[in-house]
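Listed here are the chains, written in short residue letters.
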Amino acid sequence: MTIQKPIFLTSAIPYVNAEPHLGHALELVQSDALARYQRASGHDLHFTSGTDDNGLKNVRAADALGTTPGELVARYGAGFRRLAQALNVAHDDFIHTASDARHAPAVRALWQRCADNGDVYQKSYRGLYCVGCEHFLRESEIIDGKCPVHPEPLEVLDEQNWFFRLSRYQAQILAEIDGDQLRILPGERKHEVLQFIAGGLEDFSISRSRARARGWGIPVPGDDTQVVYVWFDALANYLSVLGYPNGDSFRHFWQNAAERWHLIGKDILRFHALYWPGILLSAGLPLPTALYVHGHITSQGKKIGKSLGNAIDPFRLLARYGVDALRYYLLSHLHSTKDGDFREDLLRTAYTAELAGKLGNLLQRVCALVDRHAVRIVTTNLDPALSLLAEQVAASVARAISDFALHDALRAIFELVAAANRYVDSRAPWQLAKSPENAPALEHCLSSLVYTLGVTARLLAPFLPSTAAEIQARLEPHPHLGPPLFPALPPA
Ligand SMILES: [Zn+2]
């Protein structure tokens, strides 16, 4: 019997200076698969995402389009919400940080808690700033005068800003990560963070001049000349979406939750593994219990992204292949934590050979045989090898989920599908159907297959929810034929 425990799960909130690309789709479906798995396991899970509206990047993008930042983030923000819906992502809440009335009070309250604790102070600062990262870079991070991730030139900034005393929390953050109270998955990302901490944590600026931000952003409490720095603002969404500093949701899903999980891309690991724990420690709040860190989708070996001009439109892929085929490709053919190259030809092959050829075909074969020979389906005396494999696969899926290796989970499920297809071939139920004395063997064979399909559907549900529901509907109350799960694609 599973004990119900409150779990809070978020994906990162992307900044919205353009339409969403395939990388956003990857993060949405990964987090949705985790959420659905935990819910199906009986946990009391709250799953949120949103958009990061208050950054300087959005101000500049609005300028370039001759519009206001507010209009820009409303327009593109709607696109991100539409993408989540189109991908069948089952959020409990979704926050737009500029327009949601819960956000600014939470940011101010969090700031005030840190200030009351003596961790906010004023200092002039001169440094090289990357607008792409919204971050000052250290000397050692600058390669050929540029940020290693973004193509735009760095800007020299000389400002009087408010700083957060991160250095004070170095030992505590180190202990939390090293001792896995804050787990970072995969292990190589944890190692990377520990190495960074070993280099020393410096205090960081948490405000920007209001003039440079052109008034866009949340004013610093008690200092109208500054707005809250976008990372402090954005990270606070994980609390504001729960109604912090008050609210039952905040108490239930943050303060008293058994788990607090953030699923993020590797490029924003440092903000989540260092800045965010520092802020929370200062505010006297519990830290996240895990960071799930995915890789990037590349296109012909290059990172995709709006600033790089090679974004892949997820809506086009959804229209052509359907939601579950895209989910399947992203979750199964891309490694959950390493970079992966997107290839539409492989998406097509996955659709045709695996989804239609193996899964869809198995369902059709079994339902057709049950239908044609009016076979009674029983739940006892099932094939022991298939039942054992089904149990082993369920255990592999559980392990893969806790290791954040979603691709391994799907591979295990498709091993079960392959075994069932081999079982059909080797038992040849159409031969058994030819003579009445084989009726018990036929019943045994097809019942074992129906059972295996049922397990497959249950295991697939977090990854391919509509397909799983359709398989279940096709098997109950009695297996019956229907249209193909994955109809033939039009020519490429
Ligand atoms: Zn950068």
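I will try to describe carefully the structure that is included in this document. This structure is a prediction, so every number in the text was calculated from the model and none was measured. (Residues numbered from 1 in each chain as written. Predicted model: local features only at pLDDT ≥ 70, side-chain atom pairs only at ≥ 80, totals over all residues. Heavy atoms only, no water.)

Here's the deal with the overall build of the protein
Where we set the bar: Secondary structure counts use DSSP, requiring at least four H or I residues in a row for a helix and at least two E residues in a row for a strand, with both numbered from the N terminus. Radius of gyration: over C-alpha atoms. The globule rule applied is 2.2 Å multiplied by the number of residues raised to the 0.38 power. Exposure is judged per residue with a 1.4 Å probe applied to protein chains only, and the accessible area is read against the type maximum: over 50% gives exposed, under 20% gives buried, and values in between give partly exposed. Note on definitions: a residue-residue contact is assigned when non-hydrogen atoms from the two residues lie within 4.5 Å. A 1.4 Å probe and the Shrake-Rupley method give the accessible areas. Residues count as covered only by the protein chains that appear here.
Scanning the protein from terminus to terminus reveals 18 helices and 16 strands. Relative to the 2.2 N^0.38 estimate, which gives 23 Å for 492 residues, the radius of gyration of the protein is 26 Å and therefore close to what a compact globule would have. With respect to the principal axes defined by its C-alpha atoms, the protein has extents near 90 × 50 × 40 Å. Burial status across the protein gives 56% buried among its 492 residues. Sequence separation of at least 24 residues holds for 78% of the intrachain contacts in the protein that already meet a minimum separation of 6. Looking at the protein as shown, the accessible area adds up to about 20,100 Å², and 52% of this sits on carbon and sulfur atoms.

Some thoughts on the sheet that holds strand S1 (residues 6–11)
The following threshold applies: Here, strands pair whenever DSSP counts at least two bridges between them. To get an axis, a line is fitted to the C-alpha atoms, and for a helix only the part in contact is used. The angle between two axes follows their N-to-C directions and goes from 0 to 180 degrees.
An order of S3-S2-S1-S12-S13-S7 is seen for the six strands of this open sheet, with the pairing classed as parallel. The open sheet has two edge strands, strand S3 (93–96) and strand S7 (183–185), and neither has a second partner. Taken over all neighbouring pairs, the strand axes of this sheet differ in orientation by 20° on average, direction set aside. The sheet contact formed by S7 and strand S13 (residues 290–294) spans three bridges and is parallel. Opposite isoleucine 184, over in S13, you have leucine 291 as the bridge partner. Its contacts with the sheet put helix H3 (residues 69–86) on strand S2 (44–51) and S3, and the angle it makes with S3 is roughly 165°. Seen against the sheet, helix H9 (residues 248–255) touches S1, S2 and strand S12 (259–265) and runs at an angle of roughly 90° to S1.

Some thoughts on empty space enclosed by the protein
Note the following rule: The distinction between a cavity and a pocket rests on a 1 Å grid over the protein atoms alone: a 1.4 Å probe fits inside a cavity but cannot get out, while a pocket stays open yet meets protein on both sides within 12 Å along at least five of seven lines, and a residue with an atom within 4 Å of a point counts as lining. Grid points are joined across faces, edges and corners, and a volume is the space filled by probe spheres set on the points. When residue character is reported, Ala, Val, Leu, Ile, Met, Phe, Trp, Tyr, Cys and Pro are called nonpolar, Asp, Glu, Lys and Arg charged, and the others, Gly included, polar.
All chains considered together, the criterion is met by one cavity of 30 Å³ or more. Within this model, the largest cavity holds a volume of roughly 90 Å³. Every residue along the wall of the largest cavity is listed here: Asn54, Gly55, Leu56, Tyr129, Glu134, Arg208, Ala213, Trp216, Val227, Val228, Tyr229 and Val230. Class assignment for the residues of the lining of the largest cavity results in eight nonpolar, two polar and two charged.

Quick look at the nonpolar core
Selection rule: By convention a nonpolar core is built from buried Ala, Val, Leu, Ile, Met, Phe, Trp, Tyr and Cys residues, the set being connected through side-chain atoms within 4.5 Å.
Counting 86 residues, the largest nonpolar core has Leu22, Leu87, Leu330, Leu449 and Phe463 as its most contacted members. Sorting elements by how many residues they give to this core places helix H15 (residues 406–427) first, with 12 residues. Val120, Trp162, Ile197 and Tyr244 belong to the second largest nonpolar core, which has 60 residues in total.

Topic: the coordination of the zinc ion
What counts is decided by this rule: Keep in mind that water is not among the atoms, so a site may look incomplete; donors are the N, O and S atoms within 2.8 Å of the metal, or 3.2 Å for Na, K and Ca. Every geometry call rests on angle ranges, with four donors termed tetrahedral when all angles are between 85 and 135 degrees, four termed square planar and six termed octahedral when opposite donors are over 155 degrees apart and all others are between 65 and 115, and everything else termed irregular.
Donor atoms from the polypeptide that coordinate the zinc ion comprise Cys130 (SG), Cys133 (SG), Cys147 (SG) and His150 (ND1), at 2.2 to 2.3 Å from the metal. Its four donor atoms give the zinc ion angles of 102 to 117° at the centre, a pattern that matches the tetrahedral case.

Remarks on the sheet that holds strand S14 (residues 297–299)
Pairing is mixed in the open sheet, where three strands are placed in the order S15-S14-S16. Two strands close off the open sheet at either side, each with one partner strand: strand S15 (302–303) and strand S16 (340–341). By the bridge criterion, two bridges tie S14 to S15 in an arrangement that is antiparallel. By the bridge assignment, serine 299 is partnered in S15 with lysine 302.

Keep in mind that these numbers describe shape and distance, not what the molecule does.
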